[in-house]
Amino acid sequence: GALEAWFNALGDRVDHAHVQPRDEGGKVLSLESDEPRVRQRLAAMKTRGFHGTWSIEFVAGTGQPGEDIEGLFRQACEDRQRLHAWWESP
């Protein structure tokens with residue numbers, strides 16, 4: 001998909017990734033709820049030699065009724081910890 005296209009076009013010049021897992025309808029998911037797909041993409045990025053930076057763009061609950069900024073921040077912190085742990089694991 002899109003990930004492979006970016007690496008095919010730009011190779012090792014890809015030095016930043018925007019993290020925002022979504023379902024087929026465009027709803028933002030937590031990293032935990034999309035773990036298999038996120039881990040697959042991380043593995044593909046490692047295979048391609050990615051050593052860049054990350055931005056967690058959106059988290060579960062973004063743009064939803066009753067959106068709570070403190071809850072979104074906590075979710076971002078949790079997603080960041082998961083992303084780091086999954087990147088470091090084999």
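All of these numbers come straight from a predicted model, not from anything done at the bench.

Asks: Lay out the packing of helix H1 (residues 2–10) against helix H2 (residues 35–47) with the relevant residues and their values.
Replies: Their axes nearest at 11 Å, the elements H1 and H2 cross at an angle of 10°. When the axes of H1 and H2 are compared, the pair comes out roughly parallel. Contacts between H1 and H2 involve Leu3, Glu4 and Phe7 on the former and, on the latter, Gln40, Arg41, Ala44 and Met45. When the residues that make up the contact of H1 with H2 are grouped by side-chain class, the tally is four nonpolar, one polar and two charged.

Asks: So what's going on with the pattern of salt bridges? Residues and values would help.
Replies: Scanning all chains against the criterion turns up three salt bridges. For Glu35, the salt bridge is made with Arg39, and the minimal N-O distance between the two is 2.7 Å. Of this pair, Glu35 and Arg39 are both found in helix H2, four residues apart, which corresponds to roughly one turn of the helix. In this structure Glu35 comes out as partly exposed when scored by relative accessible area, which is 29%. Judged by relative accessible area, which is 32%, Arg39 ranks as partly exposed.

Parameters at a glance
- Going along each chain's sequence as written, the residues are numbered from 1 onward.
- Owing to the predicted nature of the model, reporting of local features is limited to residues with pLDDT of at least 70; listing and counting of side-chain atom pairs is limited to 80 or more, with chain, interface and lining totals taken over all residues.
- Values shown for side chains rest on all heavy atoms present in the structure; no hydrogens or waters enter the calculation.
- To obtain each axis, a line is fitted to C-alpha atoms, and for helices this fit is confined to the stretch in contact; angles are then taken between N-to-C directions over 0 to 180 degrees.
- What counts as a helix is a DSSP run of H or I of at least four residues, what counts as a strand is a run of E of at least two, and both are numbered from the N terminus.
- Here is the rule for angles: anything less than 35 degrees is roughly parallel, anything more than 145 is roughly antiparallel, 65 through 115 is roughly perpendicular, and the remaining ranges are oblique.
- Two residues form a contact once any of their heavy atoms are found within 4.5 Å.
- Amino acid classes used here: Ala, Val, Leu, Ile, Met, Phe, Trp, Tyr, Cys and Pro are nonpolar; Asp, Glu, Lys and Arg are charged; the rest, including Gly, are polar.
- Salt-bridge detection follows one rule: a side-chain nitrogen of Lys or Arg within 4 Å of a carboxyl oxygen of Asp or Glu.
- Only protein chains enter the calculation, and the probe is 1.4 Å; a residue is then buried if its accessible area is under 20% of its type maximum, exposed if over 50%, and partly exposed in between.

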